[in-house]
Amino acid sequence: MIEVRNLVKKYGNHLAVDHLNFKIESGRIYGFLGPNGAGKSTTMNIMTGYLGATEGEVFIGGHNILKEPEEAKKHIGYLPEQPPLYMDMTVREYLEFAAELKGIKKAKREDEITEVEKLVKIKDVEHRLIKNLSKGYRQRVGLAQAVLGFPEIIILDEPSVGLDPKQIIEIRELIRKLAKKHTVILSSHILAEVREVCDHILIISKGKLVASDTPENLERLLGEHNTVEIEADASPSDIRLVLKSVPGIERIEIKENGEEACTALIHEKKGQDVRGHIFRAFASAGIPLLTLKASGTTLEDVFMELTQKDIIPEALTKKAEELEQEEEVQEDAGDL
Ligand code: ADP
Ligand code: MG
């Protein structure tokens, strides 16, 4: 339904979107997850035709968003990060204006606006000025504007930012309701939110797609690996040497702490507990271990790891390679 191919966006020298490739299938809720500055809004603005790309293409229902914007845009409703609300209009006036812009036929306009107002529960405020509404209500008006015309795909950029917990629950319920008839793509920098509402998560970091899977698979793929953090009075090379003799280690990250000591994050292979081995290895090498502590891996860790550091866990790199190979195979098949 949506295909993003090799998308690149540069702001001057800054690479905000770095060769993104993904497909969106119909009938699911997709989450773009990434920290602030990851490139989520830029990607969404390009997908919806608000912003040009430096390189790459976006197809919406088979139409190139740049070459056939009108056809492509018919399939999408968009709630940008800063919804373009006109503060001096009433809710109804604004929705009438939006309906006209979307080319909804005059005869259908009134009924459709009423239907959308009921859907997002703003019928009771339709004659209020937008500037007098709370943030939660304004967000719903923005959502109503996106839903008008009932496009197949609804794209929401950080729909719950700035809302209080009660409003967040309401917006999430609304998104689930919308997803029964529409494909929904939302962005968020909050993992819990994406995990709760989305069927599929695309993790974006520094403009790159670093993972794409269901929340369950992401957790399964990485969740069974545990990490052990140690601090030792030794150089990184000595630490690596000692750990060489320890079985069950997937990989090691070492940070120098300025003085003599180093901290190492040891990723265990699935189902292993290497703490005893580590302790004995350091003891027999005569190197004092200052800290040794274990921690599990949650989706939270996965997210942190993927987005805060430059390291991509091996399991995911493999997964990404597999995906690329699959795509190559599909492309080859297409050529035949
Ligand atoms: P996100 O929505 O994930 O927070 P954005 O897409 O807004 O990320 O931004 C991605 C990167 O591009 C950031 O580093 C941001 O500072 C930069 N950026 C966004 N918009 C502009 C702009 N109009 N001009 C220059 N840099 C921009
Ligand atoms: Mg953003």
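Residues numbered from 1 in each chain as written. Chains lettered and ligands numbered in written order. Predicted model: local features only at pLDDT ≥ 70, side-chain atom pairs only at ≥ 80, totals over all residues. Heavy atoms only, no water.

1. Some points on the sheet that holds strand 2 (residues 14-24)
Thinking step 1. Within the open sheet, the four strands sit side by side as 2-1-4-5. Their pairing is antiparallel. Of all strands in the sheet, those with a lone pairing partner are strand 2 and strand 5 (63-64), marking the two edges.
Thinking step 2. Two strands pair when backbone bridges link them, and strand 4 (residues 55-60) and strand 5 are joined in this way by two bridges, in the antiparallel orientation. Note that in strand 5 the partner of F59 across the bridge is N64. (Pairing = 2+ DSSP bridges. Helix = DSSP H or I, 4+ residues; strand = E, 2+ residues; numbered from the N terminus.)

2. So, the coordination of the magnesium ion (ligand 2)
Thinking step 1. For the magnesium ion (ligand 2), every protein donor is listed as S41 (OG) and E81 (OE), and the spread of their distances is 2.0 to 2.7 Å. Here S41 is found in helix 1 (residues 40-47), whereas its partner E81 is found in the loop between strand 6 (76-79) and helix 3 (91-101), with 40 residues between them in sequence.
Thinking step 2. Relative accessible area serves as the criterion here: at 18%, S41 is assigned to the buried category.
Thinking step 3. Residue classification places E81 among the partly exposed residues on the basis of a relative accessible area of 41%. (Donors = N, O, S within 2.8 Å, 3.2 Å for Na, K, Ca; no water. Buried < 20%, exposed > 50% of the residue type's maximum accessible area, 1.4 Å probe, protein only.)

3. As for the packing of aromatic side chains
Thinking step 1. Per the counting criterion, the structure on display carries four aromatic pairs.
Thinking step 2. Relative to Y78, the ring of Y50 has its centre 5.3 Å away and its plane inclined at 70°; by these criteria the two rings are edge-to-face. Placement of the pair is Y50 in the loop between helix 1 and strand 4 and Y78 in strand 6, with a sequence separation of 28 residues.
Thinking step 3. On the basis of relative accessibility, which here comes to 5%, the residue Y78 falls in the buried class.
Thinking step 4. Ring centres 5.4 Å apart and planes at 90° place the aromatic pair Y86 and F97 in the edge-to-face group. Within this pair, whereas Y86 is found in the loop between strand 6 and helix 3, its partner F97 is found in helix 3, the two being separated by 11 residues in sequence.
Thinking step 5. Under the relative-accessibility criterion, F97 is labelled partly exposed at 29%.
Thinking step 6. Here a set of aromatic residues connected by ring pairs shows up, and it is made of Y86, Y94 and F97. (Phe/Tyr/Trp six-rings, centres within 6.5 Å; stacked < 30°, edge-to-face > 60°.)

4. Observations regarding the side chain of S41
Thinking step 1. At a separation of 2.9 Å, a polar atom in the side chain of S41 contacts the side chain of E81.
Thinking step 2. At 2.6 Å, the side chain of S41 and the side chain of D157 are in polar contact.
Thinking step 3. Beyond its immediate chain neighbours, meaning those up to four positions away, S41 contacts Y78, E81 and D157. (Polar contact = N/O pair within 3.5 Å; in protein donor to acceptor, adjacent residues only side chain to side chain. Contact = heavy atoms within 4.5 Å.)

5. Examining the packing of helix 3 against helix 4 (residues 106-119)
Thinking step 1. Packing of helix 3 against helix 4 brings their axes to within 10 Å, and their N-to-C directions diverge by 120°. The orientation of helix 3 with respect to helix 4, classified from their angle, is oblique. Along this stretch, helix 3 crosses helix 4, giving a crossing that reads as right-handed. Mapping the contact onto sequence places V91, R92, L95, E96, A99 and E100 in helix 3 and R109, E110, I113, T114 and E117 in helix 4.
Thinking step 2. Residue composition of the contact of helix 3 with helix 4, grouped by class: four nonpolar, one polar and six charged. (Axes fitted to C-alpha atoms, helices over the stretch in contact; angles between N-to-C directions. Parallel < 35°, antiparallel > 145°, perpendicular 65-115°, else oblique. Left-handed = near helix turned anticlockwise from the far one by under 90°. Nonpolar A, V, L, I, M, F, W, Y, C, P; charged D, E, K, R; others polar.)

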